[in-house]
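Given next are the chains, with one letter for each unit.
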Amino acid sequence: MFLGLQWYWWLVIVAVVLLSIPVKLKFMQWWSQRRREKNQRGKWGDGQ
């Protein structure tokens, strides 16, 4: 097979990649929201 892997290993790899996409999107949304909140809080140097 391609690169010495059996066909079922390619299915496993594809499944892991497909399942990791929603997790990555969720993390990116959380990180963006966290950065926005952090920037709003300390924007004027009030420290609250």
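This structure is a prediction, so every number in the text was calculated from the model and none was measured.

I would appreciate a short explanation of the packing of aromatic side chains in the present structure.
Any two aromatic rings considered together are summarised by their centre-to-centre distance and by the angle between their planes. Tallied over the full model, the rule gives five aromatic pairs. Ring centres of Tyr-8 and Trp-9 lie 5.9 Å apart, and the angle between their planes is 45°; on these two criteria the pair is classed as tilted. Take Tyr-8: its relative accessible area is 41%, and that puts it in the partly exposed class. Residue classification places Trp-9 among the partly exposed residues on the basis of a relative accessible area of 46%. Joined through ring pairs, the aromatic side chains of Trp-7, Tyr-8 and Trp-9 make up one cluster.

Here is what the cut-offs are and how they apply
- Residues numbered from 1 in each chain as written.
- Predicted model: local features only at pLDDT ≥ 70, side-chain atom pairs only at ≥ 80, totals over all residues.
- Heavy atoms only, no water.
- Phe/Tyr/Trp six-rings, centres within 6.5 Å; stacked < 30°, edge-to-face > 60°.
- Buried < 20%, exposed > 50% of the residue type's maximum accessible area, 1.4 Å probe, protein only.

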